[in-house]
Amino acid sequence: MASSLRAAIISHFRVPASQTLALNGSKLWTVRSMSSHGDDHLDKNQVIDRVLEVVKCHPKIDPSKVTPEVHFQKDLGLDSLDTVEIVMALEEEFKLEIPDKEADKIDSCGLAIEYIYNHPMSS
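Keep in mind that what you see is a predicted model, and the values were worked out from it rather than measured.

> I'd love a proper account of the overall build of the protein chain, names of residues and values included.
Regarding its fold elements, the protein chain presents five helices and two strands. Reading the protein chain from its N terminus to its C terminus gives the helix and strand order α-β-β-α-α-α-α. Counting every position in the protein chain, which comprises 123 residues, the buried fraction comes to 28%. Residue pairs in contact within the protein chain that sit at least 24 positions apart in sequence constitute 46% of those at least 6 positions apart. Working note: accessible area of the protein chain is about 8500 Å², and carbon and sulfur atoms make up 54% of it.

Structure (C-alpha cells):
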C-alpha cells in the first residue's frame, strides 16, 4: 500500500519523457529525461533575501542585527520557542514542510538558507 502511494506521489512530481534519436531510419539510442515541478528552483540570492526578511519580521529581533551568518540564540538572544516560530514562518514563506528532525537542526540563518536552497520543493 505504502509503495503504491509513494509511486503515485512521485509520478505526480516527475514525468518521464523519452525520445528516440534516429539517423536515416536507424535507431541510434533512446534518451530518457525526467521533468519535475522543481525545474524553477530558487536562486540562492533569492533564498537568502527571503530568509533574512522572514527573520527580520520576528517581533523579538532587531532587524539591523540580521545577517546570513547570524545564530538565532547566540547572536539574537532567541529561545527555542522563538526558533520554532521562525522555522514555521520559513515553512510558510517557502511553501514546504520541514520534518521535526531537520527543523531542530536549524538554529541560524545560514543553516536555514542551506536547507531551503537544497530542498527540491521550495518555492
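There's more to say after this.
> Lay out the packing of helix α2 (residues 44-56) against helix α5 (residues 109-118) with the relevant residues and their values.
Axis separation between α2 and α5 bottoms out at 9 Å; the angle between their running directions is 135°. Viewed along their axes, α2 and α5 adopt a mutual orientation that is oblique. Classified by chirality, the crossing of α5 by α2 is right-handed. Contacts from Lys-44, Val-47, Ile-48, Val-51, Leu-52 and Val-55 in α2 reach Cys-109, Ala-112, Ile-113, Glu-114, Ile-116 and Tyr-117 in α5.

> Pulling in residues and values, what's your account of the side chain of Asp-82?
Along the chain, the position of Asp-82 falls in helix α3 (residues 80-94). Those residues in contact with Asp-82, other than ones at most four positions away along the chain, are His-58 and Lys-60.

> Any details on the confidence of the model for the protein chain? Residues and values, ideally.
Overall, the prediction assigns the protein chain a mean pLDDT of 79, with 67% of residues at 70 or greater. Every residue in residues 12-21 scores below 50 in pLDDT, and together they form 30 contacts with partners more than four places removed in sequence or on other chains.

> Describe the packing of α2 against α3, and please don't skip the residues or the numbers.
Axis separation between α2 and α3 bottoms out at 10 Å; the angle between their running directions is 135°. In terms of orientation, α2 and α3 fall into the oblique class. Taken as a pair, α2 and α3 cross one another with a handedness that is right-handed. In contact with Val-47, Arg-50, Val-51, Val-54 and Val-55 of α2, α3 contributes Ile-86, Ala-89, Leu-90, Glu-93 and Phe-94.

> Now, about the side chain of Ser-122: what can you tell me, with residues and values included?
Mapped onto the secondary structure, Ser-122 falls in the segment after α5. Among the residues examined, Ser-122 registers a relative accessible area of 6% and is labelled buried. For Ser-122, the side chain forms a polar contact with the main-chain oxygen of Ile-116, separated by 3.0 Å.

Reading guide: rules and limits
Residues numbered from 1 in each chain as written. Predicted model: local features only at pLDDT ≥ 70, side-chain atom pairs only at ≥ 80, totals over all residues. Heavy atoms only, no water. Helix = DSSP H or I, 4+ residues; strand = E, 2+ residues; numbered from the N terminus. Buried < 20%, exposed > 50% of the residue type's maximum accessible area, 1.4 Å probe, protein only. Contact = heavy atoms within 4.5 Å. Areas by Shrake-Rupley, 256 points an atom, 1.4 Å probe, with all protein chains shown as cover. Axes fitted to C-alpha atoms, helices over the stretch in contact; angles between N-to-C directions. Parallel < 35°, antiparallel > 145°, perpendicular 65-115°, else oblique. Left-handed = near helix turned anticlockwise from the far one by under 90°. pLDDT = per-residue confidence, 0-100. Polar contact = N/O pair within 3.5 Å; in protein donor to acceptor, adjacent residues only side chain to side chain.

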